[in-house]
Amino acid sequence: MRRIHVGNALSAFGLGFTVPYLYVYVAQVRGLGAMTAGLVLAVFAVAALVVLPFAGRAIVRRGPLPVLLAALVLAALGALGLGLASSAAAVLVTAAALGAGQAVMQPALATMIVDCSATETRSRAFATQFFLQNLGLGIGGLIGGHLVDTTKVSSFTLLFAFEAAIFLLLVVVMTTVRMPRAPHITDQPEGAAKGGWRRMAGNRAMVQLCVLGFVLFFACYGQFESGLSAYGVEAAGISTSTLGTALAANTMMIVVAQFAVLKLVERRRRSRVIALVGLIWTVAWLAAGYAGLGHGSQEMATAAFVSTYALFGLGEAMLSPTLAPLVADLAPEGSAGQYNSAFALVKQLALAIGPAVGGPLGASLHAPYIVTFVLFSLAISVLALRLGRRLTAAQDRPWSLVQSRVVARGKAAAESVSA
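How each quantity is defined
Residues numbered from 1 in each chain as written. Predicted model: local features only at pLDDT ≥ 70, side-chain atom pairs only at ≥ 80, totals over all residues. Heavy atoms only, no water. Helix = DSSP H or I, 4+ residues; strand = E, 2+ residues; numbered from the N terminus. Buried < 20%, exposed > 50% of the residue type's maximum accessible area, 1.4 Å probe, protein only. Contact = heavy atoms within 4.5 Å. Areas by Shrake-Rupley, 256 points an atom, 1.4 Å probe, with all protein chains shown as cover. Salt bridge = Lys/Arg side-chain N within 4 Å of Asp/Glu carboxyl O. Axes fitted to C-alpha atoms, helices over the stretch in contact; angles between N-to-C directions. Parallel < 35°, antiparallel > 145°, perpendicular 65-115°, else oblique. Left-handed = near helix turned anticlockwise from the far one by under 90°. Nonpolar A, V, L, I, M, F, W, Y, C, P; charged D, E, K, R; others polar.

K.L.:
Please explain the overall build of the protein chain as it appears in this structure.
P.N.:
If you tally the helices and strands in the protein chain, you get 19 helices and zero strands. The proportion of buried residues among the 419 residues of the protein chain is 53%. Restricting the contact set of the protein chain to residue pairs at least 6 apart, pairs at least 24 apart contribute 86%. Per element, the accessible surface of the protein chain, about 18400 Å² overall, is 66% carbon and sulfur.

K.L.:
Would you take a moment to explain the environment of Ala 37 for this structure?
P.N.:
One can find Ala 37 in helix H3 (residues 33-62). Classification of Ala 37 by relative accessible area gives buried; the value is 1%. The sequence separation of Ala 37 and Ala 88 amounts to 51 residues, and the corresponding C-alpha distance is 9.1 Å. The contacts of Ala 37, once residues within four sequence positions are left out, are Tyr 23, Val 26 and Ala 27.

K.L.:
What exactly am I supposed to notice about the pattern of salt bridges here?
P.N.:
On inspection of all chains with the given rule, the structure shows two salt bridges. Where Asp 329 meets Arg 122, a salt bridge forms, and the shortest distance between an N and an O atom there is 3.1 Å. Taken as a pair, Asp 329 in helix H15 (residues 323-330) and Arg 122 in helix H6 (residues 119-147) lie far apart in primary sequence, 207 residues in all. The residues Asp 329 and Arg 122 share a single accessibility class, namely buried.

K.L.:
Explanation requested: the packing of helix H9 (residues 204-219) against H15 in the structure shown.
P.N.:
Between two packed helices, the angle of one axis relative to the other and the distance separating the axes together describe the packing. At a closest axis distance of 11 Å, the pairing of H9 and H15 adopts a crossing angle of 160°. The angle between H9 and H15 places the two elements in the roughly antiparallel class. Along this stretch, H9 crosses H15, giving a crossing that reads as left-handed. Between H9 and H15, the contacting residues are Ala 205, Met 206, Leu 209, Leu 216 and Phe 217 on the first element and Leu 323, Leu 326, Val 327 and Leu 330 on the second. The class makeup of the residues in the contact of H9 with H15 is nine nonpolar, no polar and no charged.

Right under this line is the structure:
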């Protein structure tokens, strides 16, 4: 588990090194223009949508570790190629390789966590994963920003080469992992993959969780760097430096609050924790509405806008020990990889659609934008409570079963002593 967490931190660190600077690199440093830079960002999303269905099947058949190693090598080749590419075609091809490798890493690592954890330790394991991912992204972005020079192509080439080296280092680290024996399907007949997707579609709780996940990701991550930032600049008069402060507040909230929040949520029903996140994000969107539509001072607007990002971070810290373990508990034995990949696919869809919808809306239709996402946040609470009615006790409150087993063992021991 420690090696898996090192893998999460290193992969996030490598991505944080380069992803924030992709647009500047393609459009300005390589001189390929804004359209090509926009296509590169779109290619990242498309590559993820293409490979994730196949990744789920591969994880189920081969196990998560071989799939992770292949994804890391592909991402390393993509990063290295992106640093050397000078034409639009080369940039798009290498960006697709990096995006595909990056997309497959997450369900593979998540499945490894599932295989290496028990029900009572899984929430803490996923909370640690999320904590390290945000820490790695933040540190990687900070260091990368100090290394690049927009007047020198060589500085970006060095940056991408360093990212590739991190992925290859992670290959070495991961090859030392000895996974416990977990059920994997290696003798599926032809067409079994379609059957697996059909069975998952018949799992009503999983379908409801995917719908809920889409709304969650669409209303949060899909707005961070598009609609909400455009709204802040256009409606609230937020400067780019303040926008950076707001993003830092989001990361800081996650890093500071993650394990304190974990103690509060790991003994609560998962469906109700998600419903509470919807209410917290409703308050966050109302704070954003005050920042852009209120009549207070610019200082008050700035404070409200930064608070919006901090409240989003609090909700994210509550979701990290809740959503991923729930996906794992909904998956039949041996199918965690496919379920993790399906949920990652839902996230990628939300991240692809969110900016396309939120960007124009946040930039020009300020009041409708806020009202729309207040309603989306309230919908999160409603969907979560409806999902809770379909979950079993083991899925919604696994801690109660752990307590029951402990009590049962205690009674059995007492009976044996008295006998």
